[in-house]
Amino acid sequence: MGTEQPFLVVENDLFVYMMKRANLLFQKTCRATIKEDCLKVYKHEMKKLKDLTSVASKISLPLIVGSHLIRRFSIWSSVGTSLIRTGGIAEILLQKRVLSFVHVPPPRTGLDIADGIYRCLKEWEIEGKIFSISVDNASVKKLPCGGRLFHVRCCAHILNLLVKDGLSNIDFVIEEVREAVKYINSSEARRQTFSNVAHQLQVYDRKLLLDVPTRWNSTYDMLSTALKFKDVFPRYAEYEPHFHHLPNEDEWKNVENVCEILKIFEVCTNVISGSDYPTSNLYLIEVYKVKETLDRSAPSKDDFIRKMAIKMKEKFDKYWGECHLLMAIASVLDPRFKMKLVQFSYPKLYPPNEATKNIKEVEKALEDMYSDYLLMHNSLVKEASTSSGGSSGRSNASMSNEGTPLESGWEAFGQFIKSVDLEVPEKSELVLYLEESVHNVQGGGMHSFNALEWWNIHKLKYRVLSRMAMDVLAVPISTIASESTFSAGGRVIDPYRSLLAPDTVQMLICGGDWIRQMYGIKKKLKREEIPTEVVPFQTKLFWYIGIDAL
């Protein structure tokens, strides 16, 4: 179940031989028995996961529509979850789960998908806990705070669109290198000759890579790897008289300039595309770096670099030209940044007048959101006080019957503390938090810092603000990690197993994910599983939902 193998593998003679070599007491079993065993494990783990989701107060959904064509031409839906579990002052844990992988019958309209989402949420009893929805590159509807805060688009998809638009203008720079690599990789003899020449010149690096033109990251890998063999190509041409795709010095210079720009996007994509969800405080500084790179490249003397940068900037302004409140608020709730990162990056991201206006908008949104959380907190405190008062009254009555005083000094002091706690302090937690200096990370570098752990440590100091921070940081701005579910579905529902029952498919996909999580086995996201293009909805046969919850 955890390795996406067919049930029939347990009846394979080589599998049985291997198991008997490992354990002499192993007895061969049939696929039907294994299926029943997997079903028992699935139901047991489902019950445990329901206990985990029951403690969530708010849930964020990364919603993805993807494609996988199988023999029956059916549509499936997948629901995943990332949970932050809290219990009193217990530790906060960010976790990833796949909740459902279910069949959606035709005609597959928007209403059908919406009904499928609701049925899933109903089954898991989380339909009343929705906090936000993240999508690939479309707008989103956010429920709390009047819908102003969480206009969430997948950062990885937007980065991909930027680069693809830019590369479409410089095919002539890439083509000569691509043809050279294609020629050398077309036969084993040519690869061996090239490798021998490289060793003669003491160039010891991995072999040349041929890109997939629809995947910009593979194009970057091809160009950056070819640059390392820059001096090998001329020597190889001396051994191979039919090799006519030798880039000249100017062309290599162009490739080097392109790689300098693509390197920034590669780093950003690696941060965003982690197999575990990065928390939402990590994105603003990456977006700033992209914008700073484009602004620096736009006035370039190289005509092709200038055209590429201008094309990318147009796409950047289309998706990130407006103030991205969630990204900003999440960065403010990172104690390393607070308002400083917003004040630093916004003048780069927006024109001067807009930058000032957007900074004020972030401040106003922070205050409004904090006010909402303060009202909820005070309401919970009042409810707790009322409940405690009722039980205290019954206790005092019984004590009075026994001749004991109605209340002791400790009880009176406790009532006083409850009344004081309900009073609004002179300075709010938000103001106190922002007035303090930023947190300096000691050792391990900035990337070793975990904002959720920091808020977990300081949640007694910031009772209201910590809850707000945990909810915001749990919202996924990237859907990349969730999309690996599609690849898993493609391996389980392959052409040889396309008639699997929907319940069996769900058991294999979800159960495998739960088992890997149970034993701490991380499934590395393959490069080919990282989506690098946005497919029109009409061609997609799967939709995926992920959930972040607090």
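Since this is a predicted model, take the numbers as computed values, not measurements. (Residues numbered from 1 in each chain as written. Predicted model: local features only at pLDDT ≥ 70, side-chain atom pairs only at ≥ 80, totals over all residues. Heavy atoms only, no water.)

Enquirer: Would you take a moment to explain the confidence of the model for the chain for this structure?
Expert: Low-confidence regions, as indicated by low pLDDT, have predicted coordinates that should not be scrutinised in detail. Looking at the chain as a whole, its pLDDT mean stands at 76, while 70% of the residues score no less than 70. Confidence drops under a pLDDT of 50 for residues 137-143, and excluding neighbours within four residues, the segment shows 20 contacts in the predicted structure. Across residues 392-406 the pLDDT falls below 50, and counting only partners more than four positions away or on other chains, this stretch makes six contacts in the model. (pLDDT = per-residue confidence, 0-100. Contact = heavy atoms within 4.5 Å.)

Enquirer: Help me understand the side chain of Lys 315, please; the structure alone is not making it clear to me.
Expert: Take Lys 315: it is sitting in helix α11 (residues 303-320). Here the side chain of Lys 315 touches Asp 165 through a polar contact of 3.3 Å, side chain to side chain. Once residues lying within four places of it in the same chain are set aside, the contact partners of Lys 315 are Leu 161, Leu 162 and Asp 165. (Helix = DSSP H or I, 4+ residues; strand = E, 2+ residues; numbered from the N terminus. Polar contact = N/O pair within 3.5 Å; in protein donor to acceptor, adjacent residues only side chain to side chain.)

Enquirer: I tried to follow the pattern of salt bridges on my own but got confused; where do I start?
Expert: Pairing between side chains becomes possible if they bear opposite charge and their charged atoms approach one another. Counted according to the given criterion, the structure contains 18 salt bridges. Here Arg 296 and Glu 292 are joined by a salt bridge, their closest N and O atoms 2.9 Å apart. Of this pair, Arg 296 and Glu 292 both sit in helix α10 (residues 283-297), four residues apart, which is roughly one turn of that helix. Look at Arg 296 and you get partly exposed, because its relative accessible area is 48%. Among the charged side chains, a salt-bridge network with shared partners connects Glu 175, Arg 178 and Asp 211. (Salt bridge = Lys/Arg side-chain N within 4 Å of Asp/Glu carboxyl O. Buried < 20%, exposed > 50% of the residue type's maximum accessible area, 1.4 Å probe, protein only.)

Enquirer: Just to check I follow, could you spell out helix α4 (residues 155-167) for this structure?
Expert: Each α-helix turn comprises 3.6 residues. Residues three or four places apart therefore point the same way. Between its terminal C-alpha atoms α4 stretches 18 Å, which fits the 18 Å expected from 13 residues at 1.5 Å a residue. For α4, the buried fraction is high: eleven of the 13 residues fall into the buried class. Those residues of α4 that fall on the buried side of the exposure criterion are Cys 155, Ala 156, His 157, Ile 158, Leu 159, Asn 160, Leu 161, Leu 162, Val 163, Gly 166 and Leu 167. Packing partners of the buried residues in α4 comprise α5 (171-185), α7 (216-228), α9 (249-272), α10, α11 and α12 (325-332). (Expected span 1.5 Å × (residues − 1).)

Enquirer: Before we go on, may I ask you to explain α5 in this structure?
Expert: With 15 residues, α5 extends 20 Å between its outermost C-alpha atoms, agreeing within 8% with the 21 Å of an ideal straight helix rising 1.5 Å per residue. Listing the buried residues of α5 in full gives Val 173, Ile 174, Val 177, Arg 178, Ala 180, Val 181, Tyr 183 and Ile 184. Packing partners of the buried residues in α5 comprise α4, α6 (188-200), α7, α8 (232-239), α9 and α11.

Enquirer: Looking at this structure, how should I read unusual backbone geometry?
Expert: Most peptide bonds adopt trans geometry, and most residues besides glycine take a negative phi value. Of note in the backbone geometry, Gln 202 takes a positive phi value of approximately 60° without being a glycine. By secondary structure assignment, the location of Gln 202 is in the loop between α6 and α7. Within the chain, Lys 338 stands out as a residue other than glycine whose phi angle is a positive 50°. Considering the arrangement of structural elements, one finds Lys 338 in the loop between α12 and α13 (339-349).

Enquirer: I would appreciate a short explanation of the packing of aromatic side chains in the present structure.
Expert: Given two aromatic rings, one states the distance between the centres and the angle between the planes to describe the pair. If you walk through the whole model with that rule in mind, you get 19 aromatic pairs. Centroid distance Tyr 183 to Phe 243: 5.5 Å. Interplanar angle 50°. Geometry classified as tilted. One end of the pair, Tyr 183, is in helix α5; the other, Phe 243, is in the loop between α8 and α9, and 60 residues separate them in sequence. Seen in terms of ring centroids, Tyr 346 and Tyr 350 are 5.0 Å apart; in terms of plane orientation they differ by 75°. Their pairing is edge-to-face. By way of ring pairs, the aromatic residues Tyr 183, Phe 194, Phe 229, Phe 233, Tyr 236, Phe 243 and Trp 252 are connected into one cluster. Directly above the ring of Tyr 183 sits Arg 190, whose terminal nitrogen or CZ lies 3.8 Å from the centroid. Positioned above the aromatic ring of Tyr 433 is the side chain of Lys 338, whose terminal nitrogen or guanidinium carbon lies 4.5 Å from the ring centre. (Phe/Tyr/Trp six-rings, centres within 6.5 Å; stacked < 30°, edge-to-face > 60°. Lys NZ or Arg CZ within 6 Å of the ring centre and 35° of its normal.)

Enquirer: How do you make sense of a nonpolar patch on the surface when you look at a structure like this?
Expert: A cluster of nonpolar side chains, namely Trp 410, Phe 413 and Phe 416, defines an oily patch on the protein surface of about 440 Å² accessible area. On the basis of relative accessible area, Trp 410 is assigned to the exposed category, the value being 74%. (Patch = residues over 30% accessible without salt bridge, like charges linked within 9 Å, V, L, I, M, F, W, Y side chains within 5 Å. Areas by Shrake-Rupley, 256 points an atom, 1.4 Å probe, with all protein chains shown as cover.)

Enquirer: How do you make sense of the packing of α10 against α13 when you look at a structure like this?
Expert: At a closest axis distance of 9 Å, the pairing of α10 and α13 adopts a crossing angle of 30°. Classed by the angle they form, the pair α10 and α13 counts as roughly parallel. Note on packing geometry: the crossing formed by α10 with α13 is left-handed. Taken together, the residues of α13 that come into contact with α10 (itself represented by Leu 284, Ile 285, Val 287, Tyr 288, Lys 291 and Asp 295) are Leu 341, Val 342, Phe 344, Ser 345, Tyr 346, Lys 348 and Leu 349. (Axes fitted to C-alpha atoms, helices over the stretch in contact; angles between N-to-C directions. Parallel < 35°, antiparallel > 145°, perpendicular 65-115°, else oblique. Left-handed = near helix turned anticlockwise from the far one by under 90°.)

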